[in-house]
Amino acid sequence: GYPGLLAKLFATVRAEFRRDVLIFDAADPVFGGRLCQVNGCARTQRSRRMCDAHHQRWLRGGRPELEEFLRTTSAGPDDRPAAYENRLELHRLGWQLKLEVQYALQRRRDDGQVKTRPGTARRVVNILADNGAASLLELSEQEWAGRFPGSCAAEVLLRYARRQVEDLWLGTGWEAEYRRDLWSLRDLGTPRGRGRILFVRIPHQRDKSPLSRQAAQ
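So, how was this worked out
- Residues numbered from 1 in each chain as written.
- Predicted model: local features only at pLDDT ≥ 70, side-chain atom pairs only at ≥ 80, totals over all residues.
- Heavy atoms only, no water.
- Axes fitted to C-alpha atoms, helices over the stretch in contact; angles between N-to-C directions.
- Helix = DSSP H or I, 4+ residues; strand = E, 2+ residues; numbered from the N terminus.
- Parallel < 35°, antiparallel > 145°, perpendicular 65-115°, else oblique.
- Left-handed = near helix turned anticlockwise from the far one by under 90°.
- Contact = heavy atoms within 4.5 Å.
- Nonpolar A, V, L, I, M, F, W, Y, C, P; charged D, E, K, R; others polar.
- Buried < 20%, exposed > 50% of the residue type's maximum accessible area, 1.4 Å probe, protein only.
- Arc of directions from axis to C-beta.
- Phe/Tyr/Trp six-rings, centres within 6.5 Å; stacked < 30°, edge-to-face > 60°.
- Lys NZ or Arg CZ within 6 Å of the ring centre and 35° of its normal.

A. View of the packing of helix α1 (residues 5-12) against helix α4 (residues 95-111). Interaxial distance between α1 and α4 falls to 10 Å at its minimum, and their mutual angle equals 50°. The angle between the axes of α1 and α4 places the two elements in the oblique class. Here α1 runs over α4; the crossing is left-handed. Mapping the contact onto sequence places L5, L6, L9, F10 and T12 in α1 and W95, Q96, L99, E100, Y103 and Q106 in α4. Looking at the contact of α1 with α4 residue by residue, the class counts come to 7 nonpolar, 3 polar and 1 charged.

B. Looking closely at helix α2 (residues 52-60). Taken together, the buried positions of α2 are H54, H55 and W58. Around the axis of α2, the buried residues are gathered within 105° of arc, so they sit on the same side. Here the buried face of α2 lies against α3 (66-72). Downstream of α2 by one or two residues, G62 has phi in the positive range, about 90°.

C. The packing of aromatic side chains, seen in detail. Applying the stated criterion across every chain yields a total of 2 aromatic pairs. Ring geometry for Y2 versus W169: centroids 5.3 Å apart, planes at 90°, classification edge-to-face. Placement of Y2 in the segment before α1 and of W169 in helix α7 (residues 152-170) is noted, with a sequence separation of 167 residues between them. Here W169 falls in the partly exposed class, since its relative accessible area comes to 21%. The interplanar angle of 25° and the centroid separation of 4.3 Å between the aromatic rings of F24 and F31 together place this pair among those described as stacked. F31 matches F24 in its accessibility class, with the two residues each being buried. Of note, R108 hangs over the ring of Y160, and the distance from its end group to the ring centre comes to 4.3 Å.

Here it is in structure tokens:
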């Protein structure tokens, strides 16, 4: 188990994220974005200031002059967000894993630095559920990465989520980082630290010496 983690999750996850179904506003600064520039459209921009639907309509129309297209196109009754577009269902996850995912999404929102599509989060949730996981910490970052073929954005989100949950459990800084097999230079306070150091386990030896480590890609 992971002593103390569950209590920390219960104390940290806010009510807005502690739900089986999360619905994000289309204009959410992290899980949404600016609205499509087509008049009356309530979908989130994806390309050329338009949502996916209007961008596809623009392409099918032969790519007319963009400003003219935006000015003369109006949203219809079908141009509301699809029921699933900004929706994330967590009911397939066990209670602890659900809290872990909710906590990671909360941290993503609070960080406010990386746009994250709800569809990417759905991909992560589906992979976790299909693998029957009880916790993000069951597998290492590298092991989880192998479960995400061809889905770079979902893999990045999974790595982020696992690191956030582990940080909540173990803490941050040198003392906490030392217990891990994968060190993050950023979490160690290294200026502009974006690299990582992977320590290969040697049976019956916990010494992290130069002979037992590899640079992580």
